[in-house]
Amino acid sequence: MKENNTYISSAAVKEQGRTAYYKLLKSVRNGELTQVRRGVYATDEQLSGNMIDIETIVPNGIICLWSAWSIHGLTTSIPQAYHVAIKRDRKVVPPSFPKIELHRITENILNIGATTITIDGYTFRIYDVERCVCDAVKFRNKTGMDICAEIINNYLGRRDRNISKLMDYARLLRVANILEKFLLIKL
């Protein structure tokens, strides 16, 4: 577990035999490991880092909204939880720690702009920058117009921006008209 920086599951330990499983339980009782959710354990060092093993906690989840905006450098706000997008009809029980907010999204738009990156040794799926801007426009009434404006301004200040890709995503996510108005004001 420490060598490849992944969380450990009780199912994987059970495959190694009963003795290994009892050692795992003893490590939990001694405080060497923390139970993240049923059947998933991590060390304190793993939980105290900047990133956690999202793929183990929420399989096939995609980092979105505040968490993705922060990772991409689109906002100065620090997220209070890990925001993860999942398919609308999936049943996932998030752990009490670390705090994870689930956002249920329909299957036809769930994978638009999803990409894979690695941070602190953890590989996970995250929405790309253009999808993040479209989400900021889409959820501007929930997050606030100031956050939406900050994200658009930071996006337009990037050298790697791709306006045509942004507008393609905006059409698929049904925010093209609103985004065009923002871009006309800013550009």
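K.L.:
Before we go on, may I ask you to explain the overall build of the chain in this structure?
P.N.:
Within the chain, the secondary structure is distributed over eleven helices and eight strands. Residue burial in the chain is summarised as follows: out of 187 residues, 44% are buried. Of the accessible surface of the chain, which amounts to about 10700 Å², a share of 48% is contributed by carbon and sulfur atoms. One way to put it: in the chain the 27 positive side-chain charges average out to a point 6 Å from where the 19 negative ones average out.

K.L.:
Before we go on, may I ask you to explain the sheet that holds strand β1 (residues 8-9) in this structure?
P.N.:
The sheet built from three strands is open, its strands ordered β1-β3-β2 with antiparallel pairing. Two strands in the sheet have a free side with no partner beyond their single neighbour: β1 and β2 (34-37). Examined bridge by bridge, β2 and strand β3 (residues 40-42) share three bridges and lie antiparallel to one another. Among the inter-strand pairings, R37 is bridged to a residue of β3, identified as V40.

K.L.:
I tried to follow the sheet that holds strand β7 (residues 114-119) on my own but got confused; where do I start?
P.N.:
The pairing of strands in a sheet happens through backbone hydrogen bonds and is either parallel or antiparallel. A sheet is described by the order of its strands in space; here five strands give the open sequence β6-β5-β4-β8-β7, paired in mixed fashion. Only two strands of the sheet have a single partner each, and these edge strands are β6 (100-105) and β7. By the bridge criterion, six bridges tie β7 to strand β8 (residues 122-127) in an arrangement that is antiparallel. Along β8, the bridge assignment pairs T116 with R125. Running at roughly 105 degrees to β8, helix α5 (residues 65-72) makes contact with β4 (62-63), β5 (82-87), β6, β7 and β8 of the sheet.

K.L.:
How do you make sense of the state of the cysteines when you look at a structure like this?
P.N.:
Two cysteines joined by a covalent bond between their sulfur atoms form a disulfide. Applying the stated rule across the entire model yields zero disulfides. Distance from the sulfur of C64, which forms no disulfide, to the nearest cysteine sulfur (C132) is 8.4 Å. Left without a disulfide partner, C148 is nearest to the cysteine sulfur of C134, which lies 10 Å away. Judged by relative accessible area, which is 0%, C148 ranks as buried.

K.L.:
Can you walk me through the pattern of salt bridges in this structure?
P.N.:
Should the charged atoms of two oppositely charged side chains come close, the side chains can pair. Under the defined criterion, the tally for this structure stands at seven salt bridges. In this structure, D89 and K87 form a salt bridge, with 3.8 Å as the shortest nitrogen-oxygen distance. Since its relative accessible area comes to 58%, D89 is described here as exposed. Among the residues examined, K87 registers a relative accessible area of 27% and is labelled partly exposed. In this structure, the salt-bridge partner of K165 is E130, at a minimum N-O distance of 4.0 Å. Of the two residues, K165 sits in helix α10 (residues 163-172) while E130 sits in helix α7 (residues 129-138), which places them 35 residues apart along the sequence.

K.L.:
Mind showing me how you'd approach the pairing of β5 here?
P.N.:
A regular strand places its side chains so that they alternate between the two faces of the sheet. Of all six residues in β5, five are buried; the element is thus mostly enclosed. As paired strands, β4 and β5 are joined by two bridges and run antiparallel to one another. Opposite I62, over in β5, you have A85 as the bridge partner. Looking at chain direction, β5 and β6 are connected through six bridges and run parallel.

How each quantity is defined
Residues numbered from 1 in each chain as written. Predicted model: local features only at pLDDT ≥ 70, side-chain atom pairs only at ≥ 80, totals over all residues. Heavy atoms only, no water. Helix = DSSP H or I, 4+ residues; strand = E, 2+ residues; numbered from the N terminus. Buried < 20%, exposed > 50% of the residue type's maximum accessible area, 1.4 Å probe, protein only. Areas by Shrake-Rupley, 256 points an atom, 1.4 Å probe, with all protein chains shown as cover. Lys, Arg positive; Asp, Glu negative; His and termini not counted. Charge placed at Lys NZ, Arg CZ, Asp CG, Glu CD. Pairing = 2+ DSSP bridges. Contact = heavy atoms within 4.5 Å. Axes fitted to C-alpha atoms, helices over the stretch in contact; angles between N-to-C directions. Disulfide = S-S within 2.5 Å. Salt bridge = Lys/Arg side-chain N within 4 Å of Asp/Glu carboxyl O.

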